[in-house]
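# Architecture and fold: a report
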Amino acid sequence: MSRGLGDVYKRQVLVVTLGVSLRRLSGAVIPVVTATLSVIWTLAFMVVMGIPINIMTSIVPAMIIVIGSTEDVHLLSEYLLGVRAGQSRKRAIRSMSNNMGLTVFLTFITTYVGFLSITLNNIELLYQFGLVASTGLLFNFLITVTVIPILLGRIGPGKTARKQSHNLLDRLYQSLALTVLRFVRGHRVFSLVTIAAVCAVSLLGASELRVNNNPMDYLESGSEVRSHAEQVHQELSGIHAFSVVVDSGIRDTFLQVEYLEEVEKIQNHIRETGAFDKVVSFVDFLYLVNQVMEGDEASYRLPSANEIVREYMLFLKQEDVRTYVSPEFDRARILVRHNIGSSERLNQEIEGLRQFIRDQVDPALRVEVTGESILSNEAVHAMSEGQFKSLLLIGGVVILVIALLFVNIRAGFVALLPNLFPVLVLFGVMGFFGIPMDAGTSMVAAIALGICVDDTMHAMSRFHNELKLHRNQEDALEGMVRAEAVPIFTTSVALAAGFAVLGTSSFIPVAHFGLLSAMVIGLALFSTFYITPLMLGGTQLITVWDLLSYKVQNDYLKRSPLFRGMNIWQIKKVLLASEIRKFAPGEIIIEEGSEGTEMFVVLEGVAEASRTGSDGVFISYRHFRTGDIFGEVAAFAGGK
């Protein structure tokens, strides 16, 4: 109920914040419409597949709202740019599709494959989460690319928006982003050292991160339920329990004193640790009967012979002891009650018990420590380990997909490193502040990756487009920041505010989830405009689509000395990483005596090397055709 109310409040805050930022009702309504449809489709998918709403799948609606809203705002911002440039609604929608279609598709592919990879986990909860999350993202993508153009065509801003320039909030976002970019460019070494230092401190904090599955910790210290649980612990015994099952596989084993002593040995060890409240087994019943039959308190012990045990069973009904010994007496159970809430401490005590069993108990007996509290505790630990493995798997998928799309392994690491930073800081903060890893907080990392991958992909795609428009990377970076500042800041502020609302919840897991998610979204924003430009510096981005669509004169270029031995894909990659220039007929490319560090390859047409002598006579030295090179001497001689 708390999580459901939190989602309602979050959507309300999201609507208000987006409406203020975009200054349009449609800017608030459209993301809510697409997110709501996506959530409905996802819930319907869960019903069809028989997947329940559990601690993992319950986070998917929030994740769809987060990632879906981010894409919607990017599309809306691009649409508004077209309208403000004087385009009609129809043309602005077409321009939005042309400029953002590839980026939205790349973002979807990366996040979809990343979350789908979680289904490779053998933990059922994580498998269900990966399947539902990836399918929900698929639904959101399909709804976004079909519904948004329809809605914009009917309720999108039109002529009135053309007169509006960027408002104060937009200019503030751009100013902040550009200030950060210029600081990073002017203090590159300091920026790298700072990021490395923060990562090192976060690793130190992450080493203190603990897993906890104690429901009592979810309640405030003065809550009535917690007080009653403590009263039960003090006056009776702990509210938690587990069992030690001793199995021989042989009938009547536990009618023999020799094997009853093995059970007694385990039971005495559990009592001696002092960590548990109460220990009961079949041995305790035999103690009691033996004391009654012998008639003195000193006889509160096991009988001395197997025959006596069998005789005592005439006074005990199987119904009285069936909880502690099987009808065939081949399996015995020790029931342990305790009030240990800390998952870490319980794990330590259980591991000590298992070590004692391995060292001291007859190896012919199979001994298993089990029970609801043990299984629940191990499930949370397994889930946390599985989540960590899934994060690594998602990271590998991000590197692979981005490297393939941009035909550059470095591009994969450029996309990954800014995404890891918020996750690492998240774990560091949780470790320093004693916030445990539980079912709720373990999902914040998934949200972090969803947001970061989205922002990073938009930044990289925009940078790739800006490189085609500008002569150098510095101008391309600045163009990228100007274009992406408004949509990324808008969604980050709106989503962080929405999640922060959950921090007011009296239910501690929901409060932790909300505050940590808001922090992670802020870290993703910082990472996009601080770390990503650091990583993009000196990186040429070429997409597979560029290689497929770029046309070259194969035969001529393959005969060129520069491209000799290369295949057509390698030639295209080199050309796309270079600067392509077009010259008008008669235009001068380089002049004699000028300094330069550029080397030229003729792709189309003819270039002529010529000069006019002092007597005014025109002299033509050579014609350069497709594949020919000139200017290489200056390039290799340092401009001379």
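Keep in mind that what you see is a predicted model, and the values were worked out from it rather than measured.

## A word on the overall build of the protein
- Along the backbone of the protein there are 23 helices and eight strands.
- Expressed as a percentage of the 640 residues in the protein, the buried residues total 49%.
- For the protein, contacts bridging at least 24 residues in sequence account for 75% of all contacts bridging at least 6.
- Roughly 30900 Å² of accessible area belongs to the protein as shown, and the carbon and sulfur atoms make up 59% of that amount.

## Details of the pattern of salt bridges
- Following the criterion strictly, the structure yields 11 salt bridges and no others.
- Here Arg-185 makes a salt bridge to Glu-474, at a shortest N to O gap of 3.2 Å. Within this pair, whereas Arg-185 is found in helix 7 (residues 168-186), its partner Glu-474 is found in helix 18 (residues 473-501), the two being separated by 289 residues in sequence.
- Given the relative accessible area of 40%, Glu-474 is considered partly exposed.
- Note that Asp-247 is salt-bridged to Arg-331, the shortest N-O span being 3.7 Å. Separated by 84 residues along the polypeptide, Asp-247 in strand 1 (residues 240-247) and Arg-331 in strand 3 (residues 331-338) bring together distant segments of the chain.
- The buried category is assigned to Asp-247, whose relative accessible area is 13%.
- Within this structure, Arg-182, Arg-185, Glu-474, Glu-478 and Arg-482 form a network of salt bridges that share partners.

## Some words on the environment of Ile-435
- Structurally, Ile-435 is set in the loop between helix 16 (409-432) and helix 17 (444-469).
- Each C-alpha atom of the pair Ile-435 and Glu-208 lies 9.9 Å from the other, and the pair is 227 residues apart in sequence.
- Once you skip the residues sitting within four places of it in the chain, Ile-435 turns out to touch Leu-209, Met-430, Thr-441, His-512 and Leu-516.

## Section: the confidence of the model for the protein
- Here the protein averages 78 in pLDDT, while 79% of its residues score no lower than 70.
- Mean pLDDT in the protein bottoms out at helix 1 (residues 2-22), which sits at 48, and peaks at helix 10 (residues 257-273), which reaches 93.
- Under a pLDDT of 50 for its full length, residues 1-11 has, in the predicted model, 15 contacts with residues more than four places off or in other chains.

## Concerning helix 14 (residues 343-360)
- Relative to the 26 Å expected for 18 residues at 1.5 Å per residue, helix 14 spans 25 Å between its end C-alpha atoms, a close match to the ideal helical length.
- Listed as buried for helix 14 are Ser-343, Leu-346, Ile-350, Leu-353, Phe-356 and Ile-357. Taken end-on, helix 14 shows its buried residues confined to a sector of 150 degrees, consistent with a single buried face. Set apart from the buried face of helix 14 by more than 90 degrees, the exposed residues are Gln-348 and Asp-359.

## A few points about the packing of helix 10 against helix 11 (residues 282-294)
- Contact pair helix 10 / helix 11: the axes reach a minimum separation of 9 Å and the direction vectors enclose 105 degrees. Considering the angle they form, helix 10 stands roughly perpendicular to helix 11. From helix 10, Leu-260, Val-263, Glu-264, Gln-267 and Arg-271 reach across to helix 11, where they touch Phe-282, Val-283, Asp-284, Leu-286 and Tyr-287.
- Tallied by class, residues from the contact of helix 10 with helix 11 come to six nonpolar, one polar and three charged.

## Side note on the nonpolar core
- Counting residues in each nonpolar core, the largest one holds 79 residues, and the members touching the most others are Phe-115, Phe-129 and Phe-427.
- If we ignore the near neighbours within four places in the chain, the residues touching Phe-427 are Gly-205, Ala-206, Leu-209, Leu-391, Met-437 and Ala-445.
- Within the second largest apolar cluster, 42 residues are counted, among which are Phe-242, Val-244, Tyr-259 and Leu-353.

## A few points about empty space enclosed by the protein
- Tallied over the entire structure, the rule returns five cavities of 30 Å³ or more.
- Size it by volume and the largest cavity reaches roughly 100 Å³.
- Considering the residues around the largest cavity, the lining is formed by Ile-67, Glu-71, Val-104, Thr-107, Phe-108, Thr-111, Leu-137, Asn-140, Phe-141, Thr-144 and Asp-454.
- Looking at the lining of the largest cavity, the elements that each hand over two or more residues are helix 3 (60-84), helix 4 (89-116) and helix 5 (124-155).

## Concerning the pairing of strand 3
- Pairing of strand 1 with strand 3, which is carried by eight bridges, proceeds in the antiparallel orientation. Each residue of the ladder has a partner; that of Asp-247, found in strand 3, is Arg-331.
- Across three bridges, strand 2 (residues 278-280) lies against strand 3 in antiparallel orientation. Looking at strand 3, one finds that Lys-278 is bridged to Arg-337.

## Details of the side chain of Ser-248
- Topologically, Ser-248 is positioned in the loop between strand 1 and helix 10.
- With relative accessibility at 12%, the residue Ser-248 sits in the buried group.
- Reaching out from Ser-248, the side chain makes a polar contact with the side chain of Thr-253 at a distance of 2.6 Å.
- Setting aside chain neighbours within four positions, we find Ser-248 in contact with Thr-253, Phe-254, Asp-330, Leu-365 and Arg-366.

## Re the environment of Ala-411
- If you trace the backbone, Ala-411 turns up in helix 16.
- Residue Ala-411 is classed as buried on the basis of its relative accessible area, which comes to 0%.
- Taking the C-alpha atoms as reference points, Ala-411 and Ile-399, 12 residues apart in sequence, are found 7.7 Å from one another.

Each value, and the rule that gives it
Residues numbered from 1 in each chain as written. Predicted model: local features only at pLDDT ≥ 70, side-chain atom pairs only at ≥ 80, totals over all residues. Heavy atoms only, no water. Helix = DSSP H or I, 4+ residues; strand = E, 2+ residues; numbered from the N terminus. Buried < 20%, exposed > 50% of the residue type's maximum accessible area, 1.4 Å probe, protein only. Contact = heavy atoms within 4.5 Å. Areas by Shrake-Rupley, 256 points an atom, 1.4 Å probe, with all protein chains shown as cover. Salt bridge = Lys/Arg side-chain N within 4 Å of Asp/Glu carboxyl O. pLDDT = per-residue confidence, 0-100. Expected span 1.5 Å × (residues − 1). Arc of directions from axis to C-beta. Axes fitted to C-alpha atoms, helices over the stretch in contact; angles between N-to-C directions. Parallel < 35°, antiparallel > 145°, perpendicular 65-115°, else oblique. Nonpolar A, V, L, I, M, F, W, Y, C, P; charged D, E, K, R; others polar. Core = buried A, V, L, I, M, F, W, Y, C linked by side-chain atoms within 4.5 Å. 1 Å grid on protein atoms, 1.4 Å probe; cavity = no way out; pocket = protein on both sides within 12 Å on 5 of 7 lines; lining within 4 Å. Points joined across faces, edges and corners; volume = space filled by probe spheres on them. Pairing = 2+ DSSP bridges. Polar contact = N/O pair within 3.5 Å; in protein donor to acceptor, adjacent residues only side chain to side chain.

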